[in-house]
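# Tertiary structure, described
Next come the chains, spelled out residue by residue.
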Amino acid sequence: MLSLGTLGIVFVLFAAVTACSAEDAGAQGWTASAALLKELSQRPPDALYEEERVPSYVLPDPLVLVDGTRVTDAQTWRDKRRPEILELFRTHMYGRAPVGRPAGMAFDVFDTERNALAGKATRKQVRVNFTGKPDGPAMDLLVYLPNGAKGPVPTFVLLNFGGNHTVCADPAIRLTASWTRDDKSGNRATDAQRGSASSRFPLAAILARGYAVATAYSGDIDPDFDDGFKNGVQPAFDKLVEGKRPPDAWGSIAAWAWGLSRAMDYFETDSDLDAKHVAVLGHSRLGKTSLWAGAEEERFAMVISNDSGCGGAALSRRAYGETVARINKSFPHWFCGNFKQYGGSEGELPLDQHLLLALAAPRPVYVASADQDLWADPRGEFLSCVGADPVYKLLGTPGLPTDQMPPLDHPVMGTVGYHVRTGGHALSEYDWERYMDFADRHFGSTAR
Ligand code: GCU
């Protein structure tokens, strides 16, 4: 266990850090705006936003086994510590999903349009039937890939919040039949919602940089409300113990992450897509999901979380903004039953979120925060990156280029990347451009 100070000077173990650039060296690290802190202190919910009030805490050391043995080589990380940490997250936080590709799963490519988006893209839609049974749970995967690509295309995959039809106004996108969050429309997908989330999917910019984007609706996998896991994929796969779901049974985040692995199963069958260069990305609750997907699924070559906050990239022990108690109360279905016991006692957790980032190692991982999004604790997200860095270094990668919070709008990119950008809780084109910079760097922009 390592001690952390309240002001975030952490992990001095691996002091070898590289300055980001001469310009950054003189710039001030990001701090929350005083005006915003004042405003937040005057409105509910009553959450901790002042750095001075962050409790002192001790993080589990990523390089010490539960039995106390120090991990000093890559093999021990791979064979012992990584599996141990995965098990901790399965048992105490996200729950346990079924292992591997489900028997009987079937893909139906029901749409291939080579002249989509004014001829710029090929659009594909694929029904992924998880059990292969006609009435079983299924998700629709929507893929746009740039036309004129020289070979298989590296791909960003992310779930969406409202249905595939919300990501783009393209009228050919099939409406989901699943429950949606839009209660004004009777919780159904409608034509009027087409393109309503397009700001999160800057397709022209993504295609212009030579990447494909694939998305599916999280609610096709598991509708996002607490119904005791009667709908979604869980009932088709759950193994009850004495008629009950065990306390480590998979919650919604684990189910969504599992759905992303099934998307990867499809990519491996599609020669237009470069399944060896797939970045899994997610915003907010779906950023918590992309991190867990990247941990469970090593076929993802890059892992990206956008404003994922509590239960995602932010350290739980800081209890800053959204806390474990609060998230369990508001969204009890996101995590497994065992996680409920840690509300208000984060220090008892045998894990923290830096270990989740470390599970991506040595693959590139990128964490992004937004200046106004204090609910998601930008500093706590950065400190998670700092906390994961020793694992990246052990595995022989450059890791995170600095242990100091970078200034606003100054991305840092090593094998671990981070930025805090101007603005609020959103997946913006600025974020996407940085993720593509990161992908160019690690996947090689000349590969296309
Ligand atoms: C809420 C929740 C967050 C979550 C966010 C979202 O704000 O408290 O944990 O990340 O919703 O998914 O948009």
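The sections below set out a description of the structure shown in this document.

Here is what the cut-offs are and how they apply
- Residues numbered from 1 in each chain as written.
- Predicted model: local features only at pLDDT ≥ 70, side-chain atom pairs only at ≥ 80, totals over all residues.
- Heavy atoms only, no water.
- Helix = DSSP H or I, 4+ residues; strand = E, 2+ residues; numbered from the N terminus.
- Expected span 1.5 Å × (residues − 1).
- Bend = angle between axes of the 7 residues up to and from the residue.
- Buried < 20%, exposed > 50% of the residue type's maximum accessible area, 1.4 Å probe, protein only.
- Contact = heavy atoms within 4.5 Å.
- Pairing = 2+ DSSP bridges.
- Axes fitted to C-alpha atoms, helices over the stretch in contact; angles between N-to-C directions.
- Phe/Tyr/Trp six-rings, centres within 6.5 Å; stacked < 30°, edge-to-face > 60°.
- Lys NZ or Arg CZ within 6 Å of the ring centre and 35° of its normal.
- Parallel < 35°, antiparallel > 145°, perpendicular 65-115°, else oblique.
- Left-handed = near helix turned anticlockwise from the far one by under 90°.
- Nonpolar A, V, L, I, M, F, W, Y, C, P; charged D, E, K, R; others polar.

## With respect to helix H3 (residues 74-94)
For H3, which comprises 21 residues, the first-to-last C-alpha distance of 26 Å sits more than 12% below the rise-based estimate of 30 Å (1.5 Å per residue). Of all bends in H3, the biggest is about 35 degrees, found at Arg 81, and the proline Pro 83 comes one to four residues later. Where H3 is concerned, the buried positions are Thr 76, Trp 77, Arg 81, Arg 82, Ile 85, Leu 86, Leu 88, Phe 89, Arg 90, His 92, Met 93 and Tyr 94. Looking at the buried side of H3, the elements it contacts are helix H7 (252-267), helix H8 (285-296), helix H10 (353-358) and helix H11 (378-394).

## What to know about the sheet that holds strand S4 (residues 121-129)
In spatial order, the strands read S3-S4-S5-S7-S6-S8-S9-S10-S12-S11; together these 10 strands make up an open sheet with mixed pairing. With partners counted over all chains shown, the strands left at the sheet margins are strand S3 (106-116) and strand S11 (412-413), one partner each. Sheet topology places S3 next to S4; eight bridges connect them, and they run antiparallel. Bridge pairing in S4 links Thr 112 to Lys 124. Each of strand S10 (365-370) and strand S12 (416-421) is contacted by H11, which is oriented at about 170 degrees to S12, the strand it contacts most.

## What to know about the packing of aromatic side chains
Applying the stated rule across the entire model yields 20 aromatic pairs. Both rings, one in Phe 89 and one in Tyr 94, keep their centres 5.9 Å apart while their planes meet at 20 degrees; by these two values the pair is stacked. Per residue, the accessibility class of Phe 89 equals that of Tyr 94, and both read buried. Connected via pairs of aromatic rings, a cluster forms that spans Phe 89, Tyr 94, Trp 292, Phe 335, Phe 339 and Tyr 342. Seen from the ring of Phe 161, Arg 200 lies directly overhead, with NZ or CZ sitting 4.8 Å from the centre. Lying over the aromatic face of Phe 229, Arg 245 brings its terminal NZ or CZ to 3.9 Å of the ring centre.

## Some thoughts on the packing of H3 against H8
Running from amino to carboxyl end, H3 crosses H8 at an angle of 140 degrees, the nearest separation of the two axes being 11 Å. Classified by the interaxial angle, the pair formed by H3 and H8 is oblique. Here the hand of the crossing between H3 and H8 comes out left-handed. On H8, the residues touching Arg 82, Leu 86, Phe 89, Arg 90 and Tyr 94 of H3 are Trp 292, Gly 294, Ala 295 and Glu 296. Here the contact of H3 with H8 is composed, by residue class, of five nonpolar, one polar and three charged.

## Thoughts on the pairing of S4
Most of S4 is tucked away: eight of the nine residues are buried. The turn linking S3 back onto S4 is made up of four residues, and Leu 117 within it adopts a positive phi angle of 45 degrees. As paired elements, S4 and strand S5 (residues 138-146) share nine bridges and run antiparallel to each other. For Arg 127, the partnering residue across the bridge sits in S5 and is Asp 140.

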